[in-house]
Amino acid sequence: MGRKHLPLLLALSLLLTQARPALAQEGPAGDAAAKTEPTKQQKADAKRIEKLKRVVDKVGVGRRITVFLRNGDDLHGTVSRVGAEDFDVAEVDLKQLITVRYEFVEKAREGYGNVNLFTGRRRSPRKGTSLGILAGAMFVAIGLPLILIGTAKD
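Residues numbered from 1 in each chain as written. Predicted model: local features only at pLDDT ≥ 70, side-chain atom pairs only at ≥ 80, totals over all residues. Heavy atoms only, no water.

Novice: Would you take a moment to explain the packing of aromatic side chains for this structure?
Specialist: One pass over the full model with this rule turns up one aromatic pair. Centroid distance F87 to Y102: 5.2 Å. Interplanar angle 40°. Geometry classified as tilted. Of this pair, F87 sits in strand β3 (residues 86-91) while Y102 sits in the loop between β4 (96-101) and β5 (105-110), and the two are 15 residues apart along the sequence. With relative accessibility at 0%, the residue F87 sits in the buried group. Over the face of the ring belonging to F68 we find K107, whose NZ or CZ atom lies 5.1 Å from the ring centre. (Phe/Tyr/Trp six-rings, centres within 6.5 Å; stacked < 30°, edge-to-face > 60°. Helix = DSSP H or I, 4+ residues; strand = E, 2+ residues; numbered from the N terminus. Buried < 20%, exposed > 50% of the residue type's maximum accessible area, 1.4 Å probe, protein only. Lys NZ or Arg CZ within 6 Å of the ring centre and 35° of its normal.)

Novice: Could you clarify how one ought to interpret the sheet that holds β5 in this entry?
Specialist: Consider a sheet: its strands pair through backbone hydrogen bonds, and that pairing is either parallel or antiparallel. If you walk across this open sheet you meet the five strands as β4-β3-β2-β1-β5, and the pairing is antiparallel. Of all strands in the sheet, those with a lone pairing partner are β4 and β5, marking the two edges. Neighbour to neighbour, the strand axes of the sheet diverge by 40° on average, direction disregarded. This element, helix α2 (residues 40-59), spans β1 (64-69), β2 (74-82), β3 and β5 of the sheet and lies at about 25° to β5. (Pairing = 2+ DSSP bridges. Axes fitted to C-alpha atoms, helices over the stretch in contact; angles between N-to-C directions. Contact = heavy atoms within 4.5 Å.)

Novice: What is the right way to look at the pattern of salt bridges in this model?
Specialist: Inspection of every chain in the model, using the stated rule, returns nine salt bridges. A salt bridge links R70 to D45; the shortest N-O distance between them is 3.9 Å. Remark: D45 occurs in helix α2 and R70 occurs in the loop between β1 and β2; sequence separation between them is 25 residues. Two residues, D88 and R81, come together in a salt bridge whose shortest N-O distance is 3.1 Å. Taken together, the shared-partner salt bridges in this structure form one network comprising D45, R48, R70 and E106. (Salt bridge = Lys/Arg side-chain N within 4 Å of Asp/Glu carboxyl O.)

Novice: What should I look at first to understand the side chain of R109 in this one?
Specialist: Topologically, R109 is positioned in strand β5. Within the structure, R109 has its side chain in polar contact with the backbone oxygen of G111 (distance 3.5 Å). (Polar contact = N/O pair within 3.5 Å; in protein donor to acceptor, adjacent residues only side chain to side chain.)

Novice: I keep staring at the nonpolar core and nothing clicks. Help me out?
Specialist: Nonpolar side chains in soluble globular proteins generally cluster together in the buried interior. In this structure, I65, V67, F87, V100 and V105 are the most contacted members of the largest nonpolar core, which totals 16 residues. Those elements that provide at least two residues to this core are α2, β1, β2, β3, β4 and β5. Among the elements that line this core, the one with the most residues is α2, at four residues. Not counting residues up to four positions away in its chain, the partners in contact with I65 are V56, V59, L75, H76, G77, V79, V89, A108, R109, E110, G111 and Y112. (Core = buried A, V, L, I, M, F, W, Y, C linked by side-chain atoms within 4.5 Å.)

Novice: Can you walk me through a nonpolar patch on the surface in this structure?
Specialist: Where nonpolar side chains cluster on the molecular surface, the patch consists of L131, L134, M138, I142 and L146 and spans about 510 Å² of accessible area. One can find L146 in helix α3 (residues 125-151). (Patch = residues over 30% accessible without salt bridge, like charges linked within 9 Å, V, L, I, M, F, W, Y side chains within 5 Å. Areas by Shrake-Rupley, 256 points an atom, 1.4 Å probe, with all protein chains shown as cover.)

Novice: So what exactly am I meant to see when it comes to the pairing of β3 here?
Specialist: Consecutive side chains along a regular strand alternate between the two faces of the sheet. Along β3, five of the six residues are buried, which leaves the element largely enclosed by surrounding structure. With five bridges joining them, β2 and β3 adopt antiparallel strand pairing. Residue G77 lies in a different strand from β3, and its bridge partner there is E91. What sits between the antiparallel neighbours β2 and β3 is a turn of three residues. As judged from the six bridges shared by β3 and β4, these two strands associate in the antiparallel manner. Counterpart to D86 in the pairing with β4 is R101. Counting the residues in the hairpin turn of β3 and β4 gives four residues, including K95, whose phi is positive at 55°.

Below you can see the structure in the form of structure tokens.
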């Protein structure tokens, strides 16, 4: 590797090691609407949070989890602690312990995939399995009959 690539690699490595997902969002304090009865959005959020709590409890401490945050980031790691309002994830890529509040999570699922060498992002194991099944079904439905027709004797 030439010397001209060294500063670029150094800058890239510094950016990647310092990047942290934004896990907290500030809201207005003392909002009068919070004292009235809950809206449809608040009811939907409460239902989503209860579902997330069930998912995280089902995954359990010490097991792998993928967490998709509402700001678009995703975390891949091991559940370290489960609480009433939040849970801890030992993030495998960032190599740090991150406390995640349920209200900032869009969805969560068990497990995480391997790193894609071309994109640098982790792939979804469910998506990979689905693509494999789809490719196999396409071969059986289209490819196999074409092979049989092509090799058939007149």
